[in-house]
Amino acid sequence: MHGPATRFEEAPHFVPDSRQAWARLVLALVIGSIGGAGMWTVVVVLPTVQAEFAASRGAVSLAYTLTMFGFGLGGVIVGRITDRFGIVTAMALSIACTAVAYLLAGASVTLWQFQAVYFLVGLGSSVTFAPLMAEASHWFVRYRGLAVTIVASGNYVAGTIWPPLVNWGVQQIGWRASHVALGIFSAVTMSALLLLLRARMGGAGAQDHAHAAPPQLALPISTNALTVLLSVAAIACCVAMAMPQVHIVAYCGDLGYGVAAGAQMLSLMMALGILSRIGSGFLADRVGGMRTLLIGSLAQGFALLFYLFFDGLTSLYLISGMFGLFQGGIVPSYAIIVREAMPAREAATRVGIVIFASVFGMSFGGWVSGVIFDATGSYAAAFANGLGWNALNLAIVVTLLILARRQHSLAA
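Residues numbered from 1 in each chain as written. Predicted model: local features only at pLDDT ≥ 70, side-chain atom pairs only at ≥ 80, totals over all residues. Heavy atoms only, no water.

Chemist: Any chance you could break down the overall build of the chain for me, citing the residues and the numbers?
Modeler: Within the chain, the regular secondary structure consists of 16 helices and zero strands. The C-alpha radius of gyration computed for the chain amounts to 21 Å, which stays within 12% of the reference 22 Å derived for 412 residues, consistent with globular compactness. With the principal axes as the frame, the chain shows a C-alpha extent of 65 × 50 × 30 Å. Relative to its 412 residues, the chain shows a buried fraction of 53%. Within the chain, residue pairs in contact and separated by at least 24 positions form 85% of the contacts whose partners lie at least 6 positions apart. Counting only carbon and sulfur atoms, one obtains 69% of the accessible surface of the chain, whose full area is about 16,700 Å². Averaging the coordinates of the 19 positive side-chain charges in the chain and doing the same for the 13 negative ones gives two points 6 Å apart. (Helix = DSSP H or I, 4+ residues; strand = E, 2+ residues; numbered from the N terminus. Rg over C-alpha atoms; globule rule 2.2 N^0.38 Å. Buried < 20%, exposed > 50% of the residue type's maximum accessible area, 1.4 Å probe, protein only. Contact = heavy atoms within 4.5 Å. Areas by Shrake-Rupley, 256 points an atom, 1.4 Å probe, with all protein chains shown as cover. Lys, Arg positive; Asp, Glu negative; His and termini not counted. Charge placed at Lys NZ, Arg CZ, Asp CG, Glu CD.)

Chemist: Describe the side chain of Gln115, with residues and values.
Modeler: Within the element layout of this structure, Gln115 appears in helix 6 (residues 111–125). If near-sequence neighbours (up to four positions away) are discounted, Gln115 is found in contact with Ala59, Val60, Leu62, Ala63 and Leu66.

Chemist: So what about the pattern of salt bridges? Which residues, and what values?
Modeler: In this structure the tally under the stated criterion is two salt bridges. Measuring nitrogen to oxygen at the nearest pair gives 2.6 Å for the salt bridge that ties Glu52 to Arg176. One end of the pair, Glu52, is in helix 3 (residues 41–53); the other, Arg176, is in helix 9 (residues 175–200), with 124 residues separating them in the sequence. Since its relative accessible area comes to 42%, Glu52 is described here as partly exposed. The exposure class assigned to Arg176 is partly exposed, which follows from its relative accessible area of 25%. Across the pair Arg350 and Glu346 runs a salt bridge, and its minimum N-O distance is 3.1 Å. We classify Glu346 as buried; its relative accessible area is 19%. (Salt bridge = Lys/Arg side-chain N within 4 Å of Asp/Glu carboxyl O.)

Chemist: Describe the layout of surface pockets, and please don't skip the residues or the numbers.
Modeler: Summary: where empty space remains is shown by rolling a probe the size of a single water molecule over the atoms. Approximately 2,000 Å³ is the volume attributed to the largest pocket. Val43, Tyr64, Gln245, Val246 and Leu266 are the residues nearest the centre of the largest pocket, which is lined by 49 residues in total. Taken together, the residues that form the lining of the largest pocket break down as 33 nonpolar, 14 polar and two charged. (1 Å grid on protein atoms, 1.4 Å probe; cavity = no way out; pocket = protein on both sides within 12 Å on 5 of 7 lines; lining within 4 Å. Points joined across faces, edges and corners; volume = space filled by probe spheres on them. Nonpolar A, V, L, I, M, F, W, Y, C, P; charged D, E, K, R; others polar.)

Chemist: Before we move on, could you go through empty space enclosed by the protein and cite the residues and values that matter?
Modeler: Scanning the model with the defined rule gives two cavities of 30 Å³ or more in all. The volume enclosed by the second largest cavity comes to roughly 30 Å³. Forming the boundary of the second largest cavity are Gly32, Gly36, Thr128, Phe129, Val151, Gly154 and Asn155. Tallying contributions element by element places helix 8 (residues 144–173) first for the lining of the second largest cavity, with three residues. By residue class, the composition of the lining of the second largest cavity is two nonpolar, five polar and no charged.

Chemist: So what about the packing of aromatic side chains? Which residues, and what values?
Modeler: One pass over the structure, following the stated rule, counts 17 aromatic pairs. Judged by centre distance (4.5 Å) and plane angle (25 degrees), the rings of Phe373 and Tyr379 are stacked. For Phe373, a relative accessible area of 22% gives the class partly exposed. Linked through ring pairs, Tyr251, Tyr307, Phe323, Phe373, Tyr379 and Phe383 together constitute an aromatic cluster. (Phe/Tyr/Trp six-rings, centres within 6.5 Å; stacked < 30°, edge-to-face > 60°.)

Chemist: So what about the packing of helix 10 (residues 223–255) against helix 11 (residues 259–287)? Which residues, and what values?
Modeler: As a packed pair, helix 10 and helix 11 sit with axes 6 Å apart at the nearest point and diverge in direction by 155 degrees. With respect to helix 11, the axis of helix 10 lies roughly antiparallel. Of the two elements, helix 10 crosses helix 11, and the hand of that crossing is right-handed. Along the contact surface, helix 10 presents Pro244, Gln245, Ile248, Val249 and Cys252, while helix 11 presents Val259, Ala261, Gly262, Ala263, Met265, Leu266, Met269 and Met270. (Axes fitted to C-alpha atoms, helices over the stretch in contact; angles between N-to-C directions. Parallel < 35°, antiparallel > 145°, perpendicular 65-115°, else oblique. Left-handed = near helix turned anticlockwise from the far one by under 90°.)

Chemist: Describe helix 11, with residues and values.
Modeler: Taking 1.5 Å as the rise per residue, helix 11 with 29 residues should run 42 Å; its terminal C-alpha atoms sit 40 Å apart, in good agreement. Restricting attention to buried positions, one finds in helix 11 the residues Ala261, Gly262, Met265, Met269, Met270, Leu272, Gly273, Ser276, Arg277, Ser280, Gly281 and Ala284. The inward-facing, buried residues of helix 11 contact helix 8, helix 10, helix 12 (289–309), helix 13 (313–327) and helix 14 (330–341). Positive backbone phi, at 95 degrees, marks Gly288, one or two positions downstream of helix 11. (Expected span 1.5 Å × (residues − 1).)

Chemist: Can you tell me about the side chain of Gln327, naming the residues and giving the values?
Modeler: As for its position among the elements, Gln327 is in helix 13. Residue classification places Gln327 among the buried positions, given a relative accessible area of 1%. Setting aside chain neighbours within four positions, we find Gln327 in contact with Tyr156, Met241, Gln245, Met269, Gly273, Ser276 and Gln300.

Chemist: Requested: an account of helix 8, with residues and values cited.
Modeler: Spanning 30 residues, helix 8 covers 43 Å between terminal C-alpha atoms, matching the ideal 44 Å at 1.5 Å per step. Maximal helix bending in helix 8 amounts to about 35 degrees, located at Trp162; proline Pro163 follows within four positions. Two residues or fewer after helix 8 comes Gly174, characterised by a positive phi angle close to 95 degrees. (Bend = angle between axes of the 7 residues up to and from the residue.)

Rendered as structure tokens:
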């Protein structure tokens, strides 16, 4: 109990859970809400870009796939940079990458250039999720779970505010000029916010995490083994998560309710997902990240089960709302578990690896659900497939909880 206090005394300029910590967190959330735009702009401009390049929907959609791949891979790369040189350096590099990528997107003259550039957009945007969650975990002890989920909500906030703004820009000045404008705006605003964050961190550059609290969760396995198990769990839960998120619009169209109804359900999921993330943070601060992940995974499984038995319009709205409330806190729970069980000096890299696995799970889950639909002519089997993957996630989480309890008993 005396170890962490001594470490914090070595850094009198900063106290975890202090007003300074909350000021940093607010800046991090705003940065994430701006930088997260890259995850959503490609979705809005797909039809316009498809028409201009006279391409198929599948060919243009490859830009989204590359965005997700860049986002996932960037979490690992930028996470490593964060661990070695600090979040300020990592974010500065990412801001430059994002700004250049947006400018290049606006200058694209062929489809392959547009697709390739969006890999860079995803790479640049990645700093606003896994690395920033890991960094925020160093600023808090008592409210660590809440802090991590607030930062993670920046992605959902971006998904709420940017699509309509980008759509308006496309209608007014075209998709190319919109990308250029977004690049300039992102570079200027995020650079200014980064300077404020750097000032709040006392000009800290490298290893601001040197005075962070040590791990609190003991497990009888290595950090590498834990990273692998968490990565498999992340893939499993996100394959299940992808089914409603990726296919709810098409599902509603197949049922005759129209794509507009499906889009509203998706928007409802995202909006309630913000509440879910914040709520899961409160829960994690009381029961820990592992139990929070277990509760979220169980709840997500129940929501998927309801999709199998109810397909009325009102029922789908209700179930989609439930799904949003249940699943929003699952992914940030992995970042909380990493910080609870692993040293701070490698947290950003480890979180990046697990988040990369979750991105792969989302991508694979969206694809395999479509393949199952093509093979069966129904989404019932796809929902059942999601339940199976969700069960795998539950099995891993329960195993880790048993190991943690056994280790605690031995230590006592």
